[in-house]
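# A look at the structure
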Amino acid sequence: MQSPPSPHHPTRRTVVRAGACAAALAVGIPGTAAGAAPRVGAPGTPVAPPASRAAAQALPLRTDTTTQGDILAGFRKDHVRLLLVHFHHAGKARRWLGALLPDLSTTDQVTRFNAEFSRARTLRGGVDPAGMATLWTGLSLTHPGLSLLAGKDPFPAVPAGGTAEAFRDGAAARAEALGDTGPSAPDSWLFGASEDDVHAVLTLAADDSGRLAEAVDRHRRSLDAAAATVLFGQDGATLPGALRGHEHFGFLDAISQPGVRGFDPSDAANPATVQGKSGTRLVPAGEFLIGHERVGARPAGLPAWATGGSFHVVRRLAQDVPGWWNQAAECLAELKRSGAAPADADPKWLAARMIGRWPGGAPVATCPVAERVPLPGEDVDGALDFHDDPQGWTTPLFSHIRKSNPRGGLTPAPGRPPLPIAQLDSRRIIRRGIPFGPPHRPETGSRAEGGDDTTRGLLFVSHQADLVEQFEFIAKRWVNEVDFPPARHPVPGADPVIGPGSQAAFECPSESGSRATTLSFQRFIRTEGAVYAFTPSLPTLRALAAGRLDDSIEVHAGTVLRSGDTLDAGAVRLSMESSGDLVLYDGDGRSVWSAGTSGTGAEARFTADGELAVLTAAGRPLWSSKTTGHRGARLLIRPSGDVVIVQGDKTLWHAG
């Protein structure tokens, strides 16, 4: 299941103030040194060889030794434990962090291990290779955690409405807007009710539960020595047997992940999709990993410490399995009475339409009559598209997969042309969830053995570059919104899986066109905890271990500033004015520098070659910093009051 946002029209208004998102689519192994190969189970266990130079150039993110491995590569382990930590002493916390750094797993390590593991598994006919086991470690920090380690606020400015504000506020402060009310309200949460309490989220993931337990004990001892408190420990584990890879309602989970440009290979026949997965679009890496190109070359507007990192959402979602399935049976009876469901349909028939997939993962859109078990390695979403189902007669408009990822065929209103699917790329998130609790076995009647009263659910984990325009947008504007897709009559209703509970319109064809049967869906998933954190790069964590944090706003290579874009560093802000001029303002709003392009400029661009330039609408340069030829140079807006282009310790250009 996806956890988490409704479109209305694709307008663009970009104002980036220390992290506010741009281009809003209004349709609404332990002990391993960084860069080294992971230590795996038994001596002689094979590890994937280093990537070739050509492969590294084509897919540079796969060999990244500075970013943490769960963001793009994914830990993909059967057993996970999250430790939510509170530090009592900044100095001891920094020393703890410095000692932890060699344990943290990088993208390069995790990618190479996952590739070798997959090859070995394929050679064994789908059986996990014996002896190939490892332990991965990841670390994320909350806003209070970053502030404690840095000794200052991590943001020079926190403008309203952006991801910096959401991160500072924390999940509990934004719970009501996300539908976490009533039994899901923060006052009943097991963790995260007060974001000030949680400073860090330590993720430990392993193939073997015994090895994971040993690692947990070791880290608890080191945290004790650092005068830190483990506020909560959250376990997660892959369900056993036939439920492997499924969530507790019984459906195969985490099928539709986005491809990442520069990490996943592209398909020769369709370069916009992942190799061998025609249904998976490649999304710019900057939508998940800060510092890379985003959709529309939008600026991130975040401090330099965020480069190479990703915002991290953790949610504990309890699932009432018997309640959800009983509801499916009751609603199916209503559909049969209205003639909207076949007389021989069972609850799985309707449950598949509530999800949008059959339990085995095949989309209802491609096999509506009965479930078809996908072949091993099959791209089940290859033909998944909703252009031919605008009314939701096959896959209901309220179905989970249409509400959380509308795909092709989303229209701003009935009869209007569908939106280009590329317009939805900026709404994707990478999910790393895993179930917790035993499978539901009602015949046992025992809590320990999986009876009805056992706590079980999904540990939802996601990575994204923008909390507001990705995770929160999906939750508020899509999943929870009854009028999404918009302008339908009757309204489709909220997501019946993770939504707040609502009436929903089950539409089917009729002699007069379409008729709807109204169903009433209640909520059978309860939020029991949530945290907003940030997964920094290793260079940023090394700086934090030394008590340093660069809070200059960074403009990354490939970024384009368009009319209305403002990058706010508190003491100064850089703005691309509607007049066409690039202007630097001080804290009192006085202009202290400009490019002098008023009346002729259209956009400002910072190139990969290290040059800042203002261009006309036709792309003709009007002004430039004259710093071309410095690949890898950085454009920084410093809270001290200036704008500079630097390469290493050398200043190439400065404004004001």
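See above for the structure.
The residue count restarts for each chain, going from 1 along the sequence in the order it is written. This being a predicted model, a pLDDT of at least 70 is required before a residue's local features are given, and a value of 80 or more before pairs of side-chain atoms are given or counted; all residues contribute to the totals for chains, interfaces and linings. Neither water nor hydrogens contribute to the side-chain values; these are computed over all heavy atoms in the structure.

## Re the overall build of the chain
Helix and strand definitions follow DSSP, with helices as H or I runs of at least four residues and strands as E runs of at least two, each counted in order from the N terminus. Within the chain, the secondary structure is distributed over 12 helices and 26 strands. When each of the 656 residues of the chain is scored for burial, the buried share is 56%. By element, 51% of the accessible surface of the chain is carried by carbon and sulfur atoms, the whole surface being about 24,800 Å². Residue burial is assigned from relative accessible area. The probe radius is 1.4 Å, only protein chains are included, and a residue is buried under 20% of its type maximum, exposed over 50%, and partly exposed in between. All accessible-area figures derive from a Shrake-Rupley calculation using a 1.4 Å probe, and residue coverage is judged against the displayed protein chains alone.

## A short note on the layout of surface pockets
Think of a 1 Å grid over the protein atoms and nothing else: a 1.4 Å probe that fits but is trapped marks a cavity, an open set flanked by protein within 12 Å on at least five of seven lines marks a pocket, and residues with an atom within 4 Å of a point count as lining. Grid points are joined across faces, edges and corners, and a volume is the space filled by probe spheres set on the points. Of the volumes computed, that of the second largest pocket is approximately 590 Å³. If you trace the second largest pocket, you find 25 residues lining it, with Gly-291, His-292, Glu-293, His-556 and Ala-557 closest to the centre. At the level of elements, β15 (553-555) and β24 (634-637) are the ones that each hand at least two residues to the lining of the second largest pocket. The classification used treats Ala, Val, Leu, Ile, Met, Phe, Trp, Tyr, Cys and Pro as nonpolar, Asp, Glu, Lys and Arg as charged, and all other residues, Gly among them, as polar. Taken together, the residues of the lining of the second largest pocket break down into 12 nonpolar, eight polar and five charged.

## Section: the sheet that holds strand β18 (residues 572-576)
Across the sheet, four strands lie side by side as β17-β18-β19-β20; this open sheet has antiparallel pairing. Because the sheet does not close on itself, it has two edges, and the strands there are β17 (566-568) and β20 (591-594). For this sheet, the mean inter-axis angle between neighbouring strands, taken without regard to orientation, is 20 degrees. Two strands qualify as a pair provided that DSSP identifies no fewer than 2 bridges between them. The pairing of β17 with β18 spans three bridges and is antiparallel. Across the sheet, Asp-568 pairs through a bridge with Arg-573, a residue of β18. All axes are obtained by fitting lines to C-alpha atoms, using only the stretch in contact for helices, and the reported angles, taken between N-to-C directions, cover 0 to 180 degrees.

## Brief notes about helix α4 (residues 107-123)
The terminal C-alpha atoms of α4, which comprises 17 residues, lie 24 Å apart, in line with the 24 Å expected from a rise of 1.5 Å per residue. Considered for burial, the residues of α4 that qualify are Thr-107, Asp-108, Gln-109, Val-110, Thr-111, Arg-112, Phe-113, Asn-114, Glu-116, Phe-117 and Ala-120. Along its buried surface, α4 packs onto α2 (69-72) and β2 (135-141). One or two positions beyond α4, positive phi appears at Gly-125, with a value near 70 degrees. To estimate how far a helix should reach, multiply one less than its number of residues by 1.5 Å. Contacts are assigned to residue pairs that have any heavy atoms within 4.5 Å of one another.

## A short note on the sheet that holds β24
Ordered by their spatial adjacency, four strands build an open sheet running β15-β24-β25-β26, and the pairing between neighbours is antiparallel. Here the strands that pair on one side only, and so sit at the sheet edges, are β15 and β26 (650-655). Taking each pair of neighbouring strands and ignoring which way they run, the sheet shows an average axis angle of 30 degrees. Sheet topology note: the β15/β24 ladder contains three bridges and is antiparallel. Bridge assignment links Glu-554 to a residue of β24, and that residue is Leu-636.

## Details of unusual backbone geometry
The amide bond that connects Phe-484 to the next residue, Pro-485, takes the cis arrangement and shows omega of -5 degrees. Along the chain, Pro-485 turns up in the loop between α11 (467-479) and β12 (502-510). The phi angle at Ala-227 is positive, at roughly 60 degrees, despite the residue not being glycine. By the secondary structure assignment, Ala-227 is in the loop between α7 (209-225) and β4 (228-237). We classify Ala-227 as partly exposed; its relative accessible area is 28%. The phi dihedral of Ala-297 falls on the positive side, at around 55 degrees, and the residue is not glycine. Take Ala-297: it is sitting in the loop between β7 (277-283) and β8 (310-319). A residue is classified by how much of its surface remains accessible, and Ala-297, at 10% relative accessible area, is buried.

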